[in-house]
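What follows is the residue order along each chain.
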Amino acid sequence: MAGAFPDRVLEGGFGQVLDLGQAQFLALVDVGAAGQDEVAVAVIWTLRATRIEVPGQMSVVGLDDQPVARWFDPTTVAQSPSRIGREAGPASRPTAGAPTAVGLKRIRAARRGLCLDSAPRRGGCRMTTGANTVGDVFSAGAEEFHLWSGALWDPVGVATAAVAAPAAGESVLDACCGAGASALPAARAVGPAGRVDAVDLAAGLLSIGERRAREEGLDHLRFHRHDVTSWPVTGDGYDLVQCALGVFFFPDMDRDAAALTRKVRPGGRFVVTVWEKGALDGWQSALREAVLTERDLPHRPQRDQLARIDTADTLAAWLQDLGGSVPRVVRRRFDTPLSPETAWVLATGSGTRGMLTGLSPAAVARVRTEFTARITAAGVTDLDVRVLIGTARFTG
Ligand SMILES: C[S@@+](CC[C@H](N)C(=O)[O-])C[C@H]1O[C@@H](n2cnc3c(N)ncnc32)[C@H](O)[C@@H]1O
């Protein structure tokens, strides 16, 4: 294909395709493109977000039958690594201690406790996330999380940083940074004379954030794996502490957010972004109902915590109770199209992944079928993305 249409070949990987604007992407790609499955998935994602039907209006072919292809069903060409290795002969064998790309993928999967095989192993492979802490849940779903960076996490993060307005040379703590949605724009704003510490528990997300920072040459943005509530603070504290979509995950939101405010220097800002009441509703209730067909759902304290600060008034009052002065809350909306496939990716790439923990592959498949039926029947074709961004000054 490259020889036939050299001017139509878009070079780059998964990240580059996702990072392209939709208009830019469509101007470049007007033939069914082929590449690694991860790239094919990014292509399909962008086309569907533009409401171009795949495969109705355009076909996409992937090349290596990777597990991620299961979520998007592109046509893909299965390649057996062991067969390729056997046929290539001894010269191609990896040296001891140098795992192949496929091996690395399996090692990472094993570490995350996930089964990546299309066909479950004998005895089954459960949807498990190790210790099942919030960091483990987000880490296990890191690839799926990042598929939503362009349409969800990044716009919310950019809006958070815009309200927080970090100035050149300032120091910033980005609490619960995920893959860097708000830390990256903050780092661009403070520039090399400033500093951003981005802290999260999810190793899988931190490595995506690190890669993104490296690609932009943002050396003053550092990612750290740590519980942010016990992150040590040096000197007077940070000019700005920002936390997008994270505070309600804390074990004790009041106590732990108060700990964050103590990392703000006297007169500095504390900025918190939360889902507005009713946001994500169609998607979330379809998922809960689908999971309930398989299991009881344990009480999730983060829902109660969020419910205490999900209006402009309650968020402002909470910031004041924490000791903040001049609290201000703004509302932002970023609704985005949703298909059954992308809805499922979000289910497995955010905190809701925890609802699937411990289910067998067959049970997860039934939940997915049920979920698809429910969002289709309810006519949910958009994700309702409404957030509140609250800011206050603290004396430190
Ligand atoms: C919904 S994600 C938001 C990520 C990012 N701020 C964004 O908007 O894309 C919530 C994040 O909070 C992190 N988190 C929750 N509790 C944490 C804690 N105590 N310390 C550090 N990170 C935490 C999770 O690991 C997860 O990455």
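In this text, all values refer to a predicted model and were calculated from it rather than measured experimentally. (Residues numbered from 1 in each chain as written. Predicted model: local features only at pLDDT ≥ 70, side-chain atom pairs only at ≥ 80, totals over all residues.)

Visitor: Is there a simple way to explain the overall build of the protein chain in this structure?
Guide: If you tally the helices and strands in the protein chain, you get 16 helices and twelve strands. In the protein chain, which comprises 396 residues, the proportion classed as buried is 42%. In the protein chain, once contacts between residues fewer than 6 apart in sequence are set aside, the share between residues at least 24 apart is 77%. (Helix = DSSP H or I, 4+ residues; strand = E, 2+ residues; numbered from the N terminus. Buried ≥ 20, exposed ≤ 12 C-beta atoms within 10 Å, placed from the backbone. Contact = placed C-beta atoms within 7 Å.)

Visitor: Teacher, can you tell me more about the packing of helix α8 (residues 149-164) against helix α9 (residues 183-190) here?
Guide: Relative placement of two packed helices is described by the angle separating their axes and the distance separating the axes. Remark: α8 packs on α9, axes separated minimally by 8 Å, with the N-to-C direction vectors making an angle of 40°. If you check the angle between α8 and α9, you find them oblique. In this structure, the crossing between α8 and α9 has a hand that is right-handed. Residues Gly157, Val158, Ala161 and Ala164 of α8 form the contact with α9, whose own contacting residues are Pro185, Ala186 and Ala189. For the contact of α8 with α9, the class distribution of residues is six nonpolar, one polar and no charged. (Axes fitted to C-alpha atoms, helices over the stretch in contact; angles between N-to-C directions. Parallel < 35°, antiparallel > 145°, perpendicular 65-115°, else oblique. Left-handed = near helix turned anticlockwise from the far one by under 90°. Nonpolar A, V, L, I, M, F, W, Y, C, P; charged D, E, K, R; others polar.)

Visitor: Explanation requested: the environment of Thr314 in the structure shown.
Guide: Considering the arrangement of structural elements, one finds Thr314 in helix α14 (residues 312-321). The exposure class assigned to Thr314 is partly exposed, which follows from the 17 C-beta atoms found within 10 Å. For the pair Thr314 and Val329, spaced 15 residues apart in sequence, the C-alpha to C-alpha distance is 9.8 Å. Thr314 has contacts with Arg308 and Ile309, leaving out every residue within four places of it along the chain.

Visitor: What should I look at first to understand the site of the ligand in this one?
Guide: Around the ligand lies a shell of 25 residues, among which Trp153, Cys176, Gly178, Ala181 and Phe249 are the nearest. Looking at the shell around the ligand residue by residue, the class counts come to 16 nonpolar, seven polar and two charged. (Near = placed C-beta within 6 Å.)

Visitor: I'm lost on the pairing of strand β12 (residues 386-394) in this one. Help?
Guide: Sheet faces and side chains relate simply in a regular strand, where the side chains alternate between the two faces. The element β12 is largely enclosed, with a buried count of seven among its nine residues. In this sheet, β12 lies alongside strand β8 (residues 264-275) in antiparallel orientation, the contact comprising eight bridges. Bridging from a neighbouring strand, Val271 pairs with Thr391 of β12. As defined by bridge partners, strand β9 (residues 325-333) adjoins β12 across seven bridges and the pair is classed as antiparallel. Counterpart to Arg328 in the pairing with β12 is Thr391. (Pairing = 2+ DSSP bridges.)

Visitor: For this particular structure, what's the right way to read helix α15 (residues 340-348)?
Guide: The buried fraction of α15 is high, at seven of nine residues. Along α15, the residues that are buried comprise Thr342, Ala343, Trp344, Val345, Leu346, Ala347 and Thr348.

Visitor: Help me out: how do you make sense of the nonpolar core in this one?
Guide: In a soluble, globular protein the nonpolar side chains are often hidden away together inside. With 87 residues, the main nonpolar core has Ala187, Val241, Val274 and Trp283 as its most contacted residues. If one sorts the elements of this core by residue count, α8 sits on top with seven residues. If we skip the residues at most four places from it in the chain, Val274 touches Leu245, Val247, Phe248, Leu306, Ile309, Asp310, Leu315, Val387 and Leu388. (Core = buried A, V, L, I, M, F, W, Y, C linked by C-beta atoms within 7 Å.)

Visitor: When you look at the packing of helix α12 (residues 281-292) against helix α16 (residues 361-377) in this model, what are you seeing that I'm missing?
Guide: The N-to-C vectors of α12 and α16 enclose an angle of 140°; their axes lie 8 Å apart at closest approach. Put simply, α12 runs oblique to α16. Crossing of α12 over α16 shows right-handed handedness. Residue-level contacts link Gly282, Trp283, Ala286, Leu287, Glu289, Ala290 and Val291 of α12 to Val367, Glu370, Phe371, Arg374 and Ile375 of α16.

Visitor: Help me understand the sheet that holds β8 in this model?
Guide: Pairing between sheet strands relies on hydrogen bonds along the backbone, with the strands arranged either parallel or antiparallel. In spatial order, the strands read β6-β5-β4-β7-β8-β12-β9; together these seven strands make up an open sheet with mixed pairing. Since the sheet does not close on itself, it has two edges, and those belong to β6 (221-225) and β9, each with one partner. This sheet shows a mean twist of 15° between the axes of neighbouring strands, independent of strand direction. Most of the contacts of helix α10 (residues 203-216) go to β6, to which it runs at about 170°, and overall it touches β5 (195-200) and β6. Packing of α14 onto the sheet brings it into contact with β8, β9 and β12, and relative to β9 it is tilted by some 145°.

Visitor: Any chance you could explain the environment of Val134 here in plain terms?
Guide: Along the chain, the position of Val134 falls in helix α6 (residues 134-140). Val134 gets classed as buried once you count the C-beta atoms within 10 Å, which come to 20. The residues contacting Val134, other than those within four sequence positions of it, are Leu201, Phe249 and Gly351.

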